[in-house]
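Structural overview
For reference, the chains in residue letters:
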Amino acid sequence: MNPEQDASIKIDLTDQAATERLAGRIAALARKGDILALHGDLGTGKTVFARAFVRALCGPQTEVPSPTFTLLQVYPADQADIYHFDLYRLEQPQEAFELGLDEAFADGICLIEWPERLGYLQPAECLNLAFAYGTNDIQRTLALTGSGDWADRLREAHLAA
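Residues numbered from 1 in each chain as written. Predicted model: local features only at pLDDT ≥ 70, side-chain atom pairs only at ≥ 80, totals over all residues. Heavy atoms only, no water.

Comments concerning the nonpolar core
Within soluble globular proteins, side chains that are nonpolar tend to cluster in buried spots. Formally: Throughout, nonpolar core names a set of buried Ala, Val, Leu, Ile, Met, Phe, Trp, Tyr and Cys residues whose side chains join them through atoms within 4.5 Å. A 1.4 Å probe rolled over the protein chains alone gives each residue an accessible area, and that area as a share of the maximum for its type sets the label: buried under 20%, exposed over 50%, partly exposed in between. A run of DSSP states H or I qualifies as a helix once it reaches four residues; a run of E qualifies as a strand once it reaches two. Both are numbered from the N-terminal end. Here, two residues are considered to be in contact whenever any of their heavy atoms come within 4.5 Å of each other.
In this structure, Ile26, Leu36, Phe49, Phe53, Ile82 and Leu129 are the most contacted members of the largest nonpolar core, which totals 35 residues. Of all the elements in the fold, those that place two or more residues in this core are strand S1 (7-13), helix H1 (16-27), strand S2 (35-39), helix H2 (46-58), strand S5 (109-113), strand S6 (127-133), strand S7 (140-146) and helix H4 (149-156). Counting residues per element, this core draws most heavily on H2, at six residues. When sequence neighbours within four positions are dropped, the list of residues in contact with Ile82 reads Phe53, Val54, Leu57, Cys58, Gln73, Val74, Tyr75, Ala77, Ile109 and Leu111. Listed in part, the 16 residues of the second largest apolar core include Phe85, Cys110, Leu121 and Cys126.

Side note on H4
The following threshold applies: Regarding the arc, it is the one traced by the directions from the helix axis to the C-beta atoms.
Buried within H4 are the following residues: Trp150, Ala151, Arg153 and Leu154. The arc enclosing the buried residues of H4, seen along the axis, measures out at 165 degrees, which places them on a common side. For H4, the secondary structure elements touched by its buried residues are S1, H1, S2, S6 and S7. One or two positions beyond H4, positive phi appears at His158, with a value near 60 degrees.

Quick look at the packing of aromatic side chains
The condition that has to hold: Only centres within 6.5 Å qualify two rings of Phe, Tyr or Trp (six-membered ring in Trp) as a pair; their planes then separate them into stacked at under 30 degrees, edge-to-face at over 60, and tilted for everything else. By definition, being over a ring means that NZ of Lys or CZ of Arg is both within 6 Å of the ring centre and within 35 degrees of the ring normal.
Inspection of every chain in the model, using the stated rule, returns four aromatic pairs. Grouping aromatic residues by their ring pairs yields a cluster made of Phe49, Phe53 and Phe131. Between Arg117 and the ring centre of Tyr88, over which it is positioned, the NZ or CZ distance is 5.0 Å. Above the face of the Trp150 ring, Arg153 is positioned so that its terminal group lies 4.1 Å from the ring centre.

Concerning the sheet that holds S5
Think of a sheet as strands paired side by side through backbone hydrogen bonds, with each pair either parallel or antiparallel. Going by this rule: Two strands qualify as a pair provided that DSSP identifies no fewer than 2 bridges between them. Inter-axis angles, ranging from 0 to 180 degrees, are taken between N-to-C directions of lines fitted to C-alpha atoms, where helices are fitted over the stretch in contact.
The strand order across the open sheet formed by seven strands is S1-S7-S6-S2-S5-S4-S3, and the pairing between neighbours is mixed. Taken across any chain shown, the strands that pair with only one partner, and hence form the sheet edges, are S1 and strand S3 (72-75). Taken over all neighbouring pairs, the strand axes of this sheet differ in orientation by 15 degrees on average, direction set aside. Where S3 meets strand S4 (residues 82-86), four bridges bridge the pair, whose relative direction is antiparallel. Bridge pairing in S4 places Gln73 opposite His84. Lying on the sheet, H1 is in contact with S1, S2, S6 and S7; it crosses S1 at an angle near 150 degrees.

What follows is the structure, given as structure tokens:
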């Protein structure tokens, strides 16, 4: 994808509720086959975002545990199953195939925490969300980069210039 066709934006998230609201807005844009790559250090908001994203599509009472130990949680949603991967404990990229990565990419909406663990398997076209600590304990910053179809959707939703 040509870099000029990518959409990028930096967002200051004042608190956890701001992260949850943004997750809901992005969930409303999601479609079958989408991949959201959630980057960032421990505690920067990846799981908070993923939990709010899942609840936006599956209902506010949906229990969304962190998949840190199971590596994957799957949630049925109207438009497609949501695959929430936490690849922190992955040792080799090809181990992701044992989790059903290829099926998830083809048939679901994927939220991937620690996507860099996929190495050469990282998809080129996805929505990259890079979370970082803000200026105090509750603030975070988020750099969103959408490639492919995500770039257009972010612009249409007025999330990117």
